[in-house]
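Breakdown of the fold
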Amino acid sequence: MSERAPTLLSRLELAARSCARGKRGRADAIAFRLREGEELLGLAQRIRSGTYVPEPSRVFITERPKYREVHVAAYRDRVVHHLLHDLLEPVWERRFLPSSFACRAGKGTHAAAAAVQDALWSCTRHGQVRAYVLQLDIKSFFASIDKSILLTRLRPSLRGLPLLDPAPSALSVAQLVEVVVRHDPTQGARQLSPKHLQRKIPPHKRLGGKGPGFGIPVGNLTSQFFANVYLHPLDLFIKRGLGAQHYVRYVDDFILIHRDPARLAEWRGRIEDFLRESLHLAVHPPPARPAPPLLPEGDSQVSPVRRAGLKPAPTGPSLSVVFDRDGSSRDVVAGFKPALGSSWRAGLKPASDGVDFVGYITRPHYVLPRRRVVLACRHALQRFAARARQDDLAPNARLHLPGLGRVRGSAQVLFVDHRLAEQVRASWASYEGHFCHADAHRLSQRLPQDAGAAAALVSVSAGLCTRRFGRERLHESLVSQQRTLSEGLRGAVLVLKVGRFAEVPLHQAKRAGLTVVRVDRRRVAGVPWRRAASLVSSLVARGLRVGIALEEPRAAGAVKVRTLRWVITPTDVRGVSKSNTEAET
């Protein structure tokens, strides 16, 4: 018995599930799920009747790494994008070349960086032979895509796809693709960014800046996929037409590696011609570089190099590369040879200088994170450090803690901000996920110091960043809640408010100097809440670390919500943590 063909509604349900992956906490995803049945039935009806039209999008401006206009489609339109992607991806994945790494399963930036290093390792023969890199970037790529050419590339692959719905008026896959591609997201779009940021985007980089027949929005899943389809002929031209062996592309940024700079300079001209004639695209001109120092014909290169305190490296047919004492390289030209000048004008550079690609500086023997990424990480951690609060109390000084009272003693008081802790965890996890694919172990160990007091809110071990203090969750009993609140306190005494009393866990009662008594058929160790500040001050005076949790009126499971608010660490007269001093001893 043959399996029934999936219906339009079942396809939309799978697309909605794929669209919600990783976004379940967002407001638009929650609103869609609350009315998911009604939303999917409405989408299916519009596609079945042939009346589907995308809704106006929202537009905002990103500032990092550069100013860019991003269009966000309505959530129901994103479900349609996932529907088309699920139908088209299996067809095109068989056609794409391995040298394309963007928006493909099993690919990505890390795989692209690894492919670049493999290419450098192979082309330079394990770093023993001089090689050169040609790196090209297409100007205003997404805003310059010709929709007619894109649809022409897509149509042959749409002929064998199944019908979305057997109704005569239903849109076919080809018609739905054309509706999505031809749609102008700028019509009725709602601007979310202030006008001073909108003015940062030049007209030629805005969607629709080249006319209604050009440009697809940045930010849609279909846009990333269509970009690979649009540049697939370029991949074929470079790999099969030019015969380039070492070629890697990520969206509109691609590199070629070869030992002959003249060959790369020739390839650049042919690539520019192909892009202009076949795809109506252009590449950025090579960056302006100072002219290399010229030596007269017949003059020896060895004596000037040695007199400058430099050491020579293997030379090419028209280029001698020397390394300064600090390891940086620069080129010295022997004579006035045309091939070399064309190579410089083509924007070539030695592979030994490293390849700046997909967030990494890649060399044959090692990979480093891009300096801009490291600086962005440091700035983010420093912003977290400015928001975190940690007060140092001098001996006999008092500090008023809201809801608790005044505590005294020589101590450090860490104010536990759970929202900030989650932001630090998420930010550091994203950067560490980038650094772990580079040779940056010592950098990963050193960077958390920039977070200052905020670093005390998280725990970093073996590259894994977790919140140091447990998050709020449902509890069946007070004992399980105490166990959760004690996570991350590292042996500190937990003092929590339970009604009108300040209690500590029973296993810490003897250490805190409290007697276990029975109250209302429950064994407890504590004091009335009005004496909680005195209890905390006495524990600090005895050199014990203390964590304090306050009670909130709402419930979480069978008990009320209690949140860790402060962690107090006693210090000696020099301001050094006693716990740290004891550990060193």
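That block above? That's the structure.
The notes below deal with the structure included here. Since the structure is predicted, the reported quantities are computational estimates derived from the model, not experimental observations.

Quick look at empty space enclosed by the protein
Under the definition given, this model contains four cavities of 30 Å³ or more. For the largest cavity, the calculated volume is near 180 Å³. In this structure, the largest cavity is lined by 19 residues; those nearest its centre are H81, V180, H183, P217 and N220. Looking at the lining of the largest cavity, the elements that each hand over two or more residues are α4 (75–93), α8 (173–182) and α10 (221–241). The leading source of residues in the lining of the largest cavity is α10, at three residues. Here the lining of the largest cavity is composed, by residue class, of eight nonpolar, eight polar and three charged.

Remarks on the pattern of salt bridges
All told, the structure shown has 22 salt bridges when counted by the stated rule. R35 is the partner of E39 in a salt bridge, and the nearest nitrogen-oxygen pair spans 3.1 Å. Look at E39 and you get buried, because its relative accessible area is 9%. Put simply, R35, E38, E39, E55 and R76 are held in one network by salt bridges that share partners.

Some thoughts on helix α11 (residues 261–279)
The terminal C-alpha atoms of α11, which comprises 19 residues, lie 26 Å apart, in line with the 27 Å expected from a rise of 1.5 Å per residue. Within α11 the residues assigned to the buried category are P261, L264, A265, W267, R268, I271, F274, L275 and L279. One or two positions beyond α11, positive phi appears at H280, with a value near 60°.

Some thoughts on the layout of surface pockets
Computed from the structure, the largest pocket encloses a volume of approximately 1800 Å³. Around the largest pocket, the lining comprises 48 residues; the ones closest to its centre are P65, K66, R68, D137 and R372. Broken down by secondary-structure element, the contributors of at least two residues to the lining of the largest pocket are β2 (68–72), β3 (132–137), α6 (141–144), β12 (355–357), α14 (371–387) and α15 (418–435). Top element by residues in the lining of the largest pocket is α14. It accounts for six residues. Tallied by class, the residues present in the lining of the largest pocket amount to 23 nonpolar, ten polar and 15 charged.

Conventions we followed
- Residues numbered from 1 in each chain as written.
- Predicted model: local features only at pLDDT ≥ 70, side-chain atom pairs only at ≥ 80, totals over all residues.
- Heavy atoms only, no water.
- 1 Å grid on protein atoms, 1.4 Å probe; cavity = no way out; pocket = protein on both sides within 12 Å on 5 of 7 lines; lining within 4 Å.
- Points joined across faces, edges and corners; volume = space filled by probe spheres on them.
- Helix = DSSP H or I, 4+ residues; strand = E, 2+ residues; numbered from the N terminus.
- Nonpolar A, V, L, I, M, F, W, Y, C, P; charged D, E, K, R; others polar.
- Salt bridge = Lys/Arg side-chain N within 4 Å of Asp/Glu carboxyl O.
- Buried < 20%, exposed > 50% of the residue type's maximum accessible area, 1.4 Å probe, protein only.
- Expected span 1.5 Å × (residues − 1).

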